[in-house]
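# A closer look at the structure
As a plain string of letters, each chain reads:
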Amino acid sequence: MATELEDLVEHMRRFAWPDYLVFVSMLMLCILIGVYFGFVQRKPNTESEYLMGGRTMLVFPIALSLIASFISGITLLGLPTEVYSFGIQYVYVALGVTLMGFVMSFIYLPVFHKLNITSTYEYLETRFDRRLRMFGSVMFTIMNIGYLPIVIYVPALAFNQVTGVNIHVITPIVCIVCVFYTCVGGLKAVVWTDVVQTFSMFGALVLVAVKGTIDLGGTDVVFRSAWNTGRLERPNFDINPTTRHTFWSQLIGGFVYWLQTNAVSQNMIQRYLSLPSVAAGRRALWIFVFGVCLLMSLCSYCGLLIYATYQNCDPLTTKLARAKDQLLPLFVMDILRDLPGLPGLFVAGVFSAALSSLSTCLNSMSAVILEDFVKPFVHKPLSQRTINWIMRSVVVGVGALCAALVFVVEKMGTVLQLTMSLEAITNGPLLGTFTIGILIPWVESRSALTGGICGVIFMSWLSLKAQYWVATGTIVFPHKPMSVDGCTYEFDRSLVNVTSASEYTTDDIFPLFRVSYMWYTFLGAAVTILVSLLCSVLIFGRNDPKTVSPDLMAGFVRRYIHGPDTLAGQTNVRAVVTPNAYGKNGKTLHESAL
C-alpha cells in the first residue's frame, strides 16, 4: 500500500517544461528589473537613492510593495492550511488590521515621517539614548535572521511537492536571484519587483480559486460543506485567553501584532518614508490594508475549497501531503496538472511572495547595519564607496546565512503559528518601547531599556516554553472534522486517530503557556510598558516631558504637554536627523524650514 501512495505522489508531480518556463521567466524578470535600476537608469549611486529611492517614490507601487513584503509564502501556504484545519476564526483578524490602519495613520506614521530618518531605530536614540537604539537594532536583526529562513523554506516546500526537487537545491538558487537584484538595484528594484510579484500572487490565487470552484460545481458546494463542518462560523466571543482564536484575540491581539509589524518595523516603515509626504504615506497605508484583507480572503477561500475537494479523504492523514504546508501545492497539482504552464504560474506566485519578503528584509537589514551598527561608531564620515560596499556586503552575507539556516527550519512544525509565536519575542518589546517614546514622555531611557529587556526575557520564556509543549504534542489544538472514508487509494490506516505519546495532558500545563499565540505581541508590549512605568515611579524617577522635543510625540500628546500652539507653529517645519543631532531625551532638535 505504501507503493500505491508513492505512485500517486509521483503521478501528481507533472511539472512539465511549460511550468519550468513560467517559473524561470519570473526569476529572469526580477533579474532584469534589478539590471535596469542598477545599470540602465542613470541615478546617483547614493545612500538615499539605494535605501530610500530618493524619497520620491510613488504611492501605488509602494502600496503594492508593502502588500508583497508582508504577505510571504508563509501566508499563502499557511493560511489555507489554517482554514482547512481549524475554520475561518483566524480571518477575523481583518478587523484588527483595519483598526491598525487608523492608529498608525494618526499616531505613528506622522512622527516617523517628520523626522526624515532612514533607520526606524534612530528614533530611539533621538528620544532616549544610544543604548535604546542598539537594543532596537539588535532585536530587529535577531528577528529577521530567524524569520527569513522560514520565508525561504515555505515556497521550497511547494516546489518540492510539485516537482520532487530537493528544497536545498532550489533555496540557494532563489536566494542568489534575490540577492542579485537587491544588491544591484536597491530600493527601487525591490519595489518594482514587488509590484510584479503582487500581481503574480493575486493571479495565482484567483486561478486556483476559479478552477477549483468550477471543478466542484460552484461556490454553494464550497460554502455548504464548510458550514456543515463548522469551518464557516460566526466570531467566537469567548473571553478565555487560552482559546486559540476568538473575536477578541483577533481584534485586539491581531491589532497589536499588525501594529508592530507595520507601524514600527524597519521592513515596512522604510517604504512609507520613501514617499514624499505623510498624506502619500496614508494613501499607501489604506491601499495596503485593503489589499492584505483581500489577499487573506482569497487564501481563506482556497482553504475552504481544499476541504470541499478532500472532505472524504484527508491528504494530511493519509500523508499524501507530507507536511501541512504542502496542502495547497498538492491541491494545485491535482486540479491544474493537465493544464501546462498553470502549475508553474502558481509556484511562481508562491515564490514571488517569498522573494518580495526576502528582498525587503535584506534591503532593510542593509539600512539598519549601516545606520545603527557602523555610522555611530566611526569617527569620520564614510566615503560613498565605503557605504556602497557595506550596504551590498550586508545583503550578500545575510542572504547566504538565511539560505544556510533553512536546514534548521525544516525541522520545525506548521509555519503560520510558529512564525507569529517566535516573532513576538522581539516584536512585543519593540512595539512597547516605541509606544513609550511616542505616547509616554514621562518615561526616561533607563526605565525604557529595563522594560524592553524584561519584555524580551519574559516573551522568550513564554514563547519558547509554549512551543516546546506544542512540539511534544502535549498542547494539542483540536481540528475540525476530517474523514478518510472516501479514499480511493491505499494508505497506512494506523495513522488514523494517532494520539500524543506525551506523559502530560494539556490541563497539566501552566495556564500561561496555553495562552493563544495571538496574544503574544500584546503581552510583550504590555510587560515592557508596565515595567518601564514601574521603574519610572519606583527606581529611576520621572522624566520632565517638556524636555522631550514636540516632534517626537504623537499629536494629541504634544498638544497636552506643549499646548495647542505647538502644532500650528511647526506646520512648515521638517526635522532632519543627523548622527548625534539630539541630546538625551530629545532635548535638542535641529530643524530646517522646507
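Residues numbered from 1 in each chain as written. Predicted model: local features only at pLDDT ≥ 70, side-chain atom pairs only at ≥ 80, totals over all residues. Heavy atoms only, no water.

## Re the overall build of the protein
The cut-off we apply is this: Labels follow the DSSP assignment, with helices taken as runs of H or I lasting at least four residues and strands as runs of E lasting at least two, numbered in each case from the N terminus. Only protein chains enter the accessibility calculation, which uses a 1.4 Å probe; a residue is then buried when its area is under 20% of its type maximum, exposed when over 50%, and partly exposed in between. In what follows, a contact means two residues having at least one pair of non-hydrogen atoms within 4.5 Å. The accessible surface values rely on the Shrake-Rupley method and a 1.4 Å probe; as for residues, cover is taken only from the protein chains in view.
A tally of regular secondary structure across the protein gives 22 helices and two strands. When the 594 residues of the protein are sorted by exposure, 60% land in the buried category. Residue pairs in contact within the protein that sit at least 24 positions apart in sequence constitute 86% of those at least 6 positions apart. Accessible surface computed for the protein: about 22,700 Å², of which carbon and sulfur atoms make up 66%.

## Observations regarding helix 11 (residues 247-264)
In plain terms, the rule: Expected span, for any helix, means 1.5 Å times one less than how many residues it has. Bend, at a single residue, is the angle you get between axes fitted to the 7 residues ending at that residue and the 7 residues starting at it.
With 18 residues, helix 11 should cover 26 Å at 1.5 Å per step; its first-to-last C-alpha distance of 25 Å lies within 8% of that length. Along its length, helix 11 reaches its greatest deviation from straightness, about 30 degrees, at Gly-254. Most of helix 11 sits out of view: 15 of its 18 residues are buried.

## Remarks on the side chain of Gln-89
Basically, it comes down to this: Nitrogen and oxygen atoms within 3.5 Å of one another constitute a polar contact, given that in protein one can donate a hydrogen and the other can accept it, and given that sequence-neighbouring residues count only through two side-chain atoms.
Its location among the elements puts Gln-89 in the loop between helix 5 (73-86) and helix 6 (93-115). A distance of 2.6 Å separates a polar atom in the side chain of Gln-89 from the backbone oxygen of Arg-234. Within the structure, Gln-89 has its side chain in polar contact with the backbone nitrogen of Asn-236 (distance 3.3 Å). Those residues in contact with Gln-89 that lie beyond four places of it in its chain are Glu-233, Arg-234, Pro-235, Asn-236, His-245, Thr-246 and Gln-250.

## With respect to the pattern of salt bridges
Where we set the bar: Counted as salt bridges are all cases of a side-chain nitrogen of Lys or Arg within 4 Å of a carboxyl oxygen of Asp or Glu.
As enumerated under the stated definition, the model contains 11 salt bridges in all. The salt bridge involving Asp-129 is made with Arg-131; its shortest N-O contact spans 2.8 Å. The exposure class assigned to Asp-129 is buried, which follows from its relative accessible area of 13%. One salt bridge in this structure joins Arg-224 and Asp-220, with 3.3 Å as the shortest N-O distance.

## Structural notes on the nonpolar core
Convention followed: By convention a nonpolar core is built from buried Ala, Val, Leu, Ile, Met, Phe, Trp, Tyr and Cys residues, the set being connected through side-chain atoms within 4.5 Å.
Met-100, Tyr-108, Phe-112, Tyr-123, Trp-258, Tyr-272 and Phe-288 are the most contacted members of the largest nonpolar core, which has 187 residues in total. Here Tyr-123 is in contact with Val-111, Phe-112, Leu-115, Ile-117, Phe-434, Gly-437, Ile-438 and Leu-552, once residues within four sequence places are set aside.

## Digging into a nonpolar patch on the surface
Spelled out, the test is: Patches here: salt-bridge-free residues with over 30% relative accessible area, like charges joined within 9 Å, nonpolar side chains (Val, Leu, Ile, Met, Phe, Trp, Tyr) joined within 5 Å.
Residues Phe-237, Ile-239, Trp-248, Ile-252 and Phe-522 make up a contiguous nonpolar surface patch of roughly 490 Å² in combined accessible area. The exposure class of Ile-239 is exposed, given its relative accessible area of 73%.

## Observations concerning the state of the cysteines
Stated formally: For this text, the term disulfide refers to a pair of cysteine sulfurs within 2.5 Å.
Applying the stated criterion across every chain yields a total of one disulfide. Unpaired in terms of disulfides, Cys-183 finds its nearest cysteine sulfur in Cys-178, a separation of 9.7 Å.

## Topic: the confidence of the model for the protein
Let me state the cut-off plainly: One number per residue, pLDDT, summarises how confident the predictor is, and it ranges from 0 to 100.
Here the protein averages 81 in pLDDT, and 87% of its residues register 70 or above. Looking across the protein, the model is least confident in strand 2 (residues 591-593), with a mean pLDDT of 32, and most confident in helix 20 (residues 520-538), with 94. Across residues 568-594, where pLDDT falls below 50, the model places 65 contacts with residues more than four positions away in sequence or in other chains.

## Comments concerning unusual backbone geometry
One non-glycine residue, Asn-116, lies in positive phi territory at about 60 degrees. Here Asn-116 is to be found in the loop between helix 6 and helix 7 (122-127). The phi angle at Lys-319 is positive, at roughly 70 degrees, despite the residue not being glycine. Turning to its location among the elements, Lys-319 is positioned in the loop between helix 14 (315-318) and helix 15 (327-336).

## Some remarks on the packing of helix 9 (residues 167-216) against helix 15
Rules: Simply put, an axis is a line fit to the C-alpha atoms, just over the touching stretch for a helix, and the angle between two N-to-C directions goes from 0 to 180 degrees. Between 65 and 115 degrees an angle is taken as roughly perpendicular, under 35 as roughly parallel, over 145 as roughly antiparallel, and anywhere else as oblique. Each crossing is labelled by how the near helix is turned from the far one, with a counterclockwise turn of less than a right angle marking it left-handed and a clockwise turn marking it right-handed. Side-chain classes follow a simple rule in which Ala, Val, Leu, Ile, Met, Phe, Trp, Tyr, Cys and Pro form the nonpolar group, Asp, Glu, Lys and Arg form the charged group, and the remainder, Gly included, forms the polar group.
It is at 10 Å that the axes of helix 9 and helix 15 come closest, and there the two elements cross at 60 degrees. The angle between the axes of helix 9 and helix 15 places the two elements in the oblique class. At the point where helix 9 passes helix 15, the crossing takes the left-handed sense. Here Leu-207, Val-208, Lys-211, Gly-212 and Asp-215 of helix 9 come into contact with helix 15, specifically with Leu-328, Phe-331, Val-332, Ile-335 and Leu-336. Looking at the contact of helix 9 with helix 15 residue by residue, the class counts come to seven nonpolar, one polar and two charged.

## A look at the packing of aromatic side chains
Worth spelling out the cut-off: A pair of Phe, Tyr and Trp rings is counted when the ring centres sit within 6.5 Å of each other, with Trp represented by its six-membered ring. The angle between the planes then sorts it: under 30 degrees is stacked, over 60 is edge-to-face, the rest tilted. Geometrically, a charge over a ring is one whose NZ (Lys) or CZ (Arg) sits within 6 Å of the ring centre while staying within 35 degrees of the ring normal.
Summed over all chains, the structure comprises 18 aromatic pairs. Joined through ring pairs, the aromatic side chains of Phe-112, Tyr-121, Tyr-123, Phe-140 and Phe-434 make up one cluster. Positioned over the ring face of Tyr-84 is Arg-231, at 5.8 Å from the centre of the ring.

## Overview of the environment of Gly-437
Along the polypeptide, Gly-437 turns up in helix 18 (residues 415-439). In this structure the C-alpha to C-alpha distance between Gly-437 and Phe-128, which are 309 residues apart in sequence, comes to 7.7 Å. For Gly-437, the contacting residues outside a window of four places in its chain are Tyr-123, Arg-127, Phe-128 and Leu-552.

## Observations concerning the environment of Val-456
Examined against the element boundaries, Val-456 turns out to sit in helix 19 (residues 445-471). Looking at Val-456, the relative accessible area reads 15%, which means it is buried. Along the sequence, Val-456 and Met-139 sit 317 residues apart, while their C-alpha atoms lie 8.9 Å from each other. Val-456 has contacts with Phe-135, Met-139, Ile-425 and Pro-429, leaving out every residue within four places of it along the chain.

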